[in-house]
Amino acid sequence: MKLLYKFSAILVFLLVSISCNSDDSGNSYPNPNPTNTTTFKATLNGSNEVPSNSSAATGMATLVFYNDTKTFTLTGTYDAMTPSISHIHGPAMVGINAVPIFDLTVTPTSGYSYGTIGYSGSATLSAAQEMDLKNNLYYVNIHSAGTYAAGEIRGQLIKQ
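A short tour of the structure in this document, coming up. (Residues numbered from 1 in each chain as written. Predicted model: local features only at pLDDT ≥ 70, side-chain atom pairs only at ≥ 80, totals over all residues. Heavy atoms only, no water.)

1. With respect to the environment of Asp68
- Structurally, the position occupied by Asp68 is in the loop between strand E2 (58–66) and strand E3 (71–79).
- Through-space distance from the C-alpha of Asp68 to that of Asn36 is 6.9 Å; in sequence the pair is 32 residues apart.
- At 2.5 Å, the side chain of Asp68 forms a polar contact with the side chain of Asn36. (Helix = DSSP H or I, 4+ residues; strand = E, 2+ residues; numbered from the N terminus. Polar contact = N/O pair within 3.5 Å; in protein donor to acceptor, adjacent residues only side chain to side chain.)

In structure tokens:
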């Protein structure tokens, strides 16, 4: 009988330990609650630049903001250009330029004029930055060398 009590106590301890383990939630970084997100999308082109340009390049970007952790990820694509750098700029309304806030990673497709941009860093937005983002005051800008060094294509991140 003593053995049964010990076994029961050990079993209860193990079950409590397993059920309380925060790593067992099934969710991964950066957000413990992936359903608590806000999505933003941007359509990038030369006519959105300030001043606008006639570049044939285009692009798309999607930013997912994790409301619980105040972090974000960004994925995007570009076509018909050879980028040098890319950033999220802000705060600025459409038609206004602002300083870069976050550097994005540019990944060209070897031998072609298209590729991807992205951000999966660990930056945590301040309350002011979160408000600016949610008020559509951030934009994605992809620069290229030469004629479009100040920015070839741009798109405002618009809350969906």
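Still more to cover.
2. Here we look at unusual backbone geometry
- Looking along the chain, the bond that leaves Val50 and enters Pro51 is cis, with omega of 0°.
- A cis amide bond, omega -10°, links Gly90 with the succeeding residue Pro91.
- A positive phi angle, near 65°, is found at Lys70, a position not held by glycine.
- Note on placement: Lys70 falls in the loop between E2 and E3.
- Looking at Lys70, the relative accessible area reads 26%, which means it is partly exposed.
- The backbone of Ala80 sits at a positive phi, close to 70°, despite the residue not being glycine.
- Here Ala80 lies in the loop between E3 and strand E4 (83–89). (Buried < 20%, exposed > 50% of the residue type's maximum accessible area, 1.4 Å probe, protein only.)

3. Here's the deal with the pattern of salt bridges
- Tallied over the full model, the rule gives two salt bridges.
- Notably, a salt bridge pairs Lys134 with Glu130, separated by 3.0 Å at the nearest N-O pair. Placement of the pair is Lys134 and Glu130 together in helix H2 (residues 127–134), with a separation of four residues, close to one helical turn.
- In this structure Lys134 comes out as partly exposed when scored by relative accessible area, which is 25%.
- Members of the salt-bridge network, linked through shared partners, are Lys70, Glu130 and Lys134. (Salt bridge = Lys/Arg side-chain N within 4 Å of Asp/Glu carboxyl O.)

4. Some remarks on the nonpolar core
- With 23 residues, the main nonpolar core has Leu63, Phe72, Leu74, Ile88, Ile117, Val140 and Leu157 as its most contacted residues.
- Contributions of two or more residues to this core are made by strand E1 (37–45), E2, E3, strand E5 (100–108), strand E6 (114–119) and strand E7 (139–144).
- The contacts of Ile117, once residues within four sequence positions are left out, are Ala61, Leu74, Thr75, Gly76, Thr77, Tyr78, Ser86, Leu104, Thr105, Val106, Val140 and Ile142. (Core = buried A, V, L, I, M, F, W, Y, C linked by side-chain atoms within 4.5 Å. Contact = heavy atoms within 4.5 Å.)

5. Points about the pairing of E4
- Taking burial as the measure, the seven residues of E4 include five buried ones, the bulk of the element.
- As paired strands, E4 and E7 are joined by six bridges and run antiparallel to one another. Across the sheet, the residue bridging to His87 is Asn141, located in E7.
- With four bridges connecting them, E4 and E5 associate as antiparallel partners. Across the sheet, residue Ile88 finds its bridge partner in E5, namely Phe102. (Pairing = 2+ DSSP bridges.)

6. Notes on H2
- Burial in H2 covers these residues: Glu130, Asp132 and Leu133. The buried residues of H2 occupy an angular sector of 160° when the element is viewed end-on, so they sit on one face. In H2, the exposed positions angled more than 90 degrees off the buried face are occupied by Ala127 and Met131.
- Elements in contact with the buried residues of H2: E1 and E2.
- The first or second residue beyond H2 is Asn136, which carries a positive phi of 60°. (Arc of directions from axis to C-beta.)

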